[in-house]
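# Remarks on the overall topology
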Amino acid sequence: MASIEAEKQRGKYAALAIAAVVILLGIPLWWKTTETYRAWLPFSQISELDSLQLQLSVEIEVVFSRGTLSPELQSKVPLSQTREQENQVDGKTMLRYRYETKYRTATIMEEDALNQPSAEEADLSLHMLSESACGSVVVYIIPESSTLLPADMNVYVGKRRTALLRAAPFEGAAGLKEVLSSLEPQVKQVADTMSFSHQDILAALSDRIRIGQVSKERLADSMRAIKSSPGYEITFSLLNPDPKSHRLHWDIEGGVHSYIQPLLDKLSPLANFSVDSQILYYAVLGVNPRFDSSVSAYTLNADSLAHVINPVEARLGSNAASSNPVLNFLLYVPDAQHSPLFIRDHSKKEVTSNAFHSPRWGGIMVYNVNDMYKPEAEFPVDININMAKVMGVFLAQLRLMLGVQKTQPPPGFVLQSPGSAGLADWELDRLMWSRSVENVATASTTITSLAQLLDQIGNIVINDNIAQQVSSAVTSLQAAVAELEAGNLAFALQYSKEAILASERAFFDPSLLHLLYFPDDQKFAIYIPLFLPMCVPIMLSLLKIASEIRQRRAEKLAKKD
Amino acid sequence: MTSGCFVARVAFGVDARVEKPNDVTGPVSSSEPGQSESAAVSSGGPVAAPVSEADEPAEAAAGGAVSPPDQCDEELVLRPLRSGDIYASFQFRTQWDTDFLHHGKKVSHYRLFPKSLGQVLSKFSVRELHISFTQGYWRTMQWGQPFIPSPPGAELWVWFHNTVEDVDGNWKELVNVLSGIFCASLNFIDSTNTVQPSASFKPLGLGNVTDHRFLRYATLPREIVCTENLTPWKKLLPCGSKAGLAVLLKSEKLFHSSFHSQAVHIRPVCKDWQCTSTAWELRQTLNVVFDIYTSGQGKKEWSLFKMFSRTLTEACPLASSSKVYVDVTDNPEGELFDLSPVTPLLSTAVVLGDRRTYSVYDLTKKETFGQLRSLNLVLRWKGESGDMLRPLLHAERYVAGFGLQTGEIHTLIYNNHPYRAFPVLLLDSVPWYLRLYIHTLTVTSKTRENKPSYIHYQPSKDRLRPHLLEMLVQLPPHSVTEVTVQFERALLKWTEYTPDPNHGFYVGSSVISALVPSVVAMDTNSTQERPLFSSFFPTKEESSYFVRVYTEPLLVNLPTPDFSMPYNVICLTCTVVAVGYGSFYNLLTRTFQVEEPSQSLAKRLANVIRRIRGVPLL
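This is a predicted model, so every value here is computed, not measured.

In this section: the UniProt feature "transmembrane region" (unreviewed entry) in chain A. Residues and elements named next belong to chain A. Under the local residue numbering, the UniProt record ascribes the feature "transmembrane region" (unreviewed entry) to residues 12-31 and 524-543. What you have in residues 12-31 is 100% helix and 0% strand, and the ends, taken at the C-alpha atoms, are 27 Å apart. Counted over residues 524-543, helix gives 100% and strand 0%. Its end C-alpha atoms are 24 Å apart.

Spelled out as structure tokens, the structure:
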């Protein structure tokens, strides 16, 4: 009898040993051999980025010229002040603006410069004296008696990064503190105009935050402007639907060189631009213009403009050489039977430029040539297109598309027109501020959604290459945020561009798709012929052992009782 | 004269200073005495005239002030074939005047030249690009030589600038971009079907590049050509399909044909005979053979309207010339067919070694369209057509052998010239999964061994590159030369099979390039205005003309497994493992004990019966 007991015991041990081997050796082996390769990703850093805490630092230099401060106050400057402003936009986004203001008195050379007869000359000679860093603002406080500004204006904003501010005379008894605090609202207003305002930054973040927080006007501006990207392709197309009647000549090389290129050169820190042009024959608009006998002309109404673009776009062709966003500018010369053609706005009035634009796509201009020849002229007629007229319209549209909108100056401000470059330094700074913030927001959104996706779908293989892209995106993002915090605008923009590139490359990598469609039920079907017959005896014997143990314990308890 | 120079001539070299290819891996025989006659290598015609770099800037400056006029021409050639079919060949040529030889200057303004192709040229530093899409096989024996030959499926060959460092990288990106432009599956071109022919494909345009490191050649014999390829092709035309000859290009008619081939050829050319300035030439060709006889209820009669369901009403207003040519060589007295409307314009051209006469319809002239303002050419056959002149060179190819292990590729090259022998270059690119036994390569003509004077063989590497075999073979007069080579079929990995593996695997056409002796003197004067169809391959000498012949592609069966097998194998192995494991497990865990032997079934049955009967139990 004892031998039978020993035999039973041995059977139990054997079952337990096999179960142990299966659990300790078999399952890890199976797990190891069938797992998908997933490189390590900095998930913790990514989740930190998810809640975006941006600090933007602006350096403001306030320079008091002679006659604005009393001598005893002059001895107390230079000094510097820091003012911070915090904005909790939503649960995940926080903005902190930090204005580092340095106060000092003007040097002798600056005094000389400020004694120039006009504000423009003063601006130029101040610029010759010192080059201020990208993103910084210099405000010169000039006495009320100064003749640099017209009587009813208080602030002059120059072509570069300097502004002149006419200060009201300070009461003789006032201490420095009072003087500075009375200046502060005005300086803040200048800084808002020349670097960024809260609304600008909110508009740049419009993808991330709820719409309601951004003012309507800013939102329209930001939706019109094409998304921030490291490069843009600008394509000018001349549409000639009627080559039998019109032989068109346009000097696009010259037009681009003298109108578009200066602006693009100025914008080169923001992105790479490439410009090309083409002529498309027999390209027609998608809608038939209506003949209006009252003006004996064909008209396109504002609500039909939406249907114009799609049929034309099929002819434009995509850019074969790069995947940057394309801005299209079309010059449409109506055919001889359908001219002249005028565009009418919502109030049925003719649009003077005869052009319209489509947000984030480009612009279309209608160019009527019917009055350039007599009806009895012999077809085809040669027509030279007036590039100054065309390029003026396209340049305005291009500025809108790039987000270089005309700033509406607050009352009392004089803005110096930027001249031939088309863009003042501080306007570029404004654009760089909002573009850096936009890039940081976009890249962090891309990276967090990628991390979320990879986290949720365990079947996706994560190559080392992707892991490297993700970490470089994260590093650049952190660097961009740090540079923004330090106030180095140029570096911040550079890093944010790198972050966008790396994050997009990681997100759109084709290798992420490889094992995605390998559903669990198929895996189950493969495994079941092996696992079922192996696991059932083990489970049964384990259950039997467990029930025996329980029974014995119950017997023991009963015995004790 | 070395055989290398000979190669250069046959290969249509634009440069006479071709060195002997130095990476010849196969056995190269020394020059044969019979080749001395070919020593007269033409000394670089006007096409090859070197462009002097010195006077270029002046030209560019002069051309910069006024926008240089681009130019485009269009042309349709109709050739009635003796079989009753009709061969229609469209050619559209766009010349883009730009000083592309100056590197660094970005050209980005396009007039007539399509922007998408221009961007491709400048981005990938392409020097010459030839791409063709073909549906159907050109039957040389029945139809004669086509103006521009092409193999079935897709073919792409590209010369890159010699400044390109990463040719393979450029090539890879280029095929992807081109597959987007032409809506074709060119993205299947990779290193396993790309070769660098050493002599067969020489640049057709300007330039003296002969280093085949910058050449890439690939074919996709499986490619199906259809409407989606035609639409982007038509988009490249300056007039689109809105005016000119292109209105005839209706896909429902074009693809209802025996043969359809569309191609794009881009090359740098001289603008004038002195070659003081250069231009990009874009040639778009479309060749189609209509089987009018069977689709026309047995009537041998055709018209433009019947073929294309359109008539011509105008020329493309941008084209500087727009002409329709009808081949009337066989019909000098009007005994074979009637052609209406009758045109007084006749022109003769020497094309493919033959002097042909054409009726010309100039679409830029108003009187061509007559009273109805539309041109509908009608041709009615009168007599029975006789036999066609056999083409001097043609070739065919097939796979021999049985079973799924080995096989043999036979290539037959026919020289139908009664008394002249001439050399041909044979190019074979065979995928790696057919393992060629190159030691079994035999070349025989007239039952005697024919030793190739030049062999370039590059063995394949599994999953990396195909076999490349190039040979220069002398064809004796009036003979058949047979090239055979044996191969073994490889077993593929299960993911490498195509979705329909039992259909078989395609092997691209062999390419035979030759300078065929001409019956009539060829026109070597390239300065003279010539119709487009006769000016694609530049002619260097009067006594011969260049021909490229493509053989049929091969369809080879590979050993194909049953693809449900893996699952069956998994199930079967699992069952075996489970049974083995189960008995082993039982053996280990069961306890064995002696049991009281129970009564047997017979005994129990007997007891039941006994109980019923009331007899004592056993």
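Further notes follow.
Moving on: the environment of Glu74(B). All names here are of chain B. Along the polypeptide, glutamate 74 turns up in strand S1 (residues 71-80). Glutamate 74 sits 315 residues away from leucine 389 along the chain, and the two C-alpha atoms are 29 Å apart. When residues no more than four places from it in sequence are discounted, the contact partners of glutamate 74 are Gln91, Phe92, Gly244, Leu245, Ala315, Cys316, Ala319, Ser321, Ser322 and Lys323. Of note is the side chain of glutamate 74, whose polar atom sits 3.1 Å from the backbone nitrogen of cysteine 316.

As a further point, take the sheet that holds strand S9 (residues 301-303) of chain B. Within a beta sheet, neighbouring strands are joined by backbone hydrogen bonds and run either parallel or antiparallel to one another. Residues and elements named next belong to chain B. Ordered by their spatial adjacency, 3 strands build an open sheet running S9-S14-S11, and the pairing between neighbours is antiparallel. Strand pairing shows two members of the sheet lacking a second neighbour, S9 and strand S11 (337-340), which therefore form its edges. In this sheet, adjacent strand axes meet at a mean angle of 10° when their direction is disregarded. Where S9 and strand S14 (residues 378-381) come together, 3 bridges link them in antiparallel fashion. Paired with tryptophan 302 across the bridge in S14 is leucine 379.

Partitioning chain A into structural domains gives domain 1 (1-35 + 518-559), domain 2 (56-201) and domain 3 (229-402). One C-alpha centre belongs to domain 2 of chain A, the other to domain 3 of chain A, and the line joining them spans 44 Å.

What follows concerns the interface of chain B and chain A. Counting residues at the interface gives 36 residues for chain B and 36 residues for chain A. Of the roughly 3200 Å² buried where chain B meets chain A, counting both sides, 62% is carbon and sulfur surface. Joining chain B to chain A, the criterion identifies 2 salt bridges. Here Asp276(A) ties to Lys115(B) by a salt bridge, and the two come within 3.9 Å at their closest N and O atoms.

Here we come to the packing of helix H12 (residues 425-456) of chain A against helix H14 (residues 489-507) of chain A. Residue and element names in this part refer to chain A. Two numbers describe how H12 lies on H14: the axes approach to 8 Å, and their chain directions differ by 30°. When the axis of H12 is compared with that of H14, the two are roughly parallel. Remark: the crossing between H12 and H14 carries left-handed chirality. Per-class residue counts for the contact of H12 with H14 are 13 nonpolar, 7 polar and 4 charged.

Spanning 19 residues, helix H6 (residues 176-194) of chain A covers 25 Å between terminal C-alpha atoms, matching the ideal 27 Å at 1.5 Å per step. Listed as buried for H6(A) are Leu176(A), Val179(A), Leu180(A), Leu183(A), Val187(A), Val190(A), Ala191(A), Asp192(A), Thr193(A) and Met194(A).

Attention now goes to the pattern of salt bridges. Counted under the stated rule, the structure contains 32 salt bridges over all chains. Residues Arg344(A) and Asp292(A) are paired through a salt bridge, measuring 2.8 Å at the closest nitrogen-oxygen approach. With Arg344(A) in the loop between strand S13 (341-343) and strand S14 (355-358) and Asp292(A) in strand S10 (residues 290-292), the pair connects residues that are 52 residues apart, well separated along the chain. For the salt bridge of Glu301(B) with Arg380(B), the shortest nitrogen-to-oxygen distance reads 3.6 Å. Here Glu301(B), found in strand S9, pairs with Arg380(B), found in strand S14; they are 79 residues apart in sequence, far enough to count as distant. One network of salt bridges, in which partners are shared, links Asp73(B), Arg93(B), Arg267(B), Glu281(B) and Arg283(B).

An ideal rise of 1.5 Å per residue puts 36 Å on 25 residues; helix H10 (residues 565-589) of chain B measures up with 35 Å between its terminal C-alpha atoms. Residues of H10(B) that are buried: Cys574(B), Ala578(B), Tyr581(B), Gly582(B), Tyr585(B) and Thr589(B).

So, about the environment of Ser257(B). Residue and element names in this part refer to chain B. Locating serine 257 in the fold gives a position in the loop between helix H7 (251-254) and strand S7 (259-270). Classification of serine 257 by relative accessible area gives partly exposed; the value is 22%. For the pair serine 257 and glycine 136, spaced 121 residues apart in the sequence, the C-alpha separation amounts to 8.9 Å. With near-sequence residues (within four places) excluded, serine 257 lies in contact with Val288, Val289 and Phe290.

This part takes up the pairing of S11(B). Residue and element names in this part refer to chain B. Taking every second residue as pointing to the same face, the buried face of S11 carries Phe337 and Leu339, while none of Asp338 and Ser340 on the other face is buried. Of the pairings in the sheet, the one linking S11 to S14 comprises 4 bridges and is antiparallel in character. Opposite aspartate 338, over in S14, you have arginine 380 as the bridge partner.

In this section: the sheet that holds strand S24 (residues 511-517) of chain B. All names here are of chain B. Taken together, 5 strands build an open sheet; the order of strands is S20-S21-S17-S24-S25 and the sheet is antiparallel. Both edges of this open sheet fall to strand S20 (454-458) and strand S25 (544-550), since each of them pairs with a single strand only. Taking each pair of neighbouring strands and ignoring which way they run, the sheet shows an average axis angle of 15°. Sheet analysis places strand S17 (residues 422-430) next to strand S21 (residues 467-475), joined by 9 bridges and oriented antiparallel. Across the sheet, residue valine 424 finds its bridge partner in S21, namely valine 473.

About the cut-offs
- Along each chain, numbering runs from 1 in the same order as the chain's sequence is written.
- Both sets of labels track the order of writing: A upward for chains, 1 upward for ligands.
- It should be noted that, the model being predicted, local features are given only for residues of pLDDT at least 70 and side-chain atom pairs only at 80 or more, the latter also being counted only at that level, while totals for whole chains, interfaces and linings use all residues.
- Values shown for side chains rest on all heavy atoms present in the structure; no hydrogens or waters enter the calculation.
- UniProt positions are given in the numbering used here, feature names are shortened, and annotations may be inferred rather than shown by experiment.
- Each helix is a run of DSSP H or I of at least 4 residues and each strand a run of E of at least 2, with the numbering of both proceeding from the N terminus.
- Residue contacts follow a heavy-atom distance rule, with two residues in contact if any of their heavy atoms lie within 4.5 Å.
- What qualifies as a polar contact is a pair of N or O atoms within 3.5 Å, subject to a donor-acceptor requirement within protein and to the restriction that residues adjacent in sequence count only when both atoms come from side chains.
- Being paired, for any two strands, means DSSP has found at least two bridges between them.
- For helices, the fitted axis covers only the stretch in contact; all axes are lines through C-alpha atoms, and the angles between them, taken along N-to-C directions, range from 0 to 180 degrees.
- Bear in mind that the domain bounds are from an automatic or database domain assignment.
- By definition, the buried area sums, over both parts, the 1.4 Å-probe accessible area that each loses when the two are put together.
- Basic side-chain nitrogens of Lys or Arg form a salt bridge, by our definition, when they fall within 4 Å of a carboxyl oxygen of Asp or Glu.
- An angle below 35 degrees is read as roughly parallel, one above 145 as roughly antiparallel, one from 65 to 115 as roughly perpendicular, and any other as oblique.
- Throughout, a crossing is termed right-handed when the near helix is turned clockwise from the far one, and left-handed when it is turned anticlockwise from it by less than a right angle.
- When residues are sorted by character, Ala, Val, Leu, Ile, Met, Phe, Trp, Tyr, Cys and Pro go into the nonpolar class, Asp, Glu, Lys and Arg into the charged class, and all the rest, Gly among them, into the polar class.
- To estimate the expected span of a helix, count its residues, drop one, and scale the result by 1.5 Å.
- Each residue is placed in one exposure class: buried if its accessible area under a 1.4 Å probe, protein chains only, is under 20% of its type's maximum, exposed if it is over 50%, and partly exposed if it falls in between.

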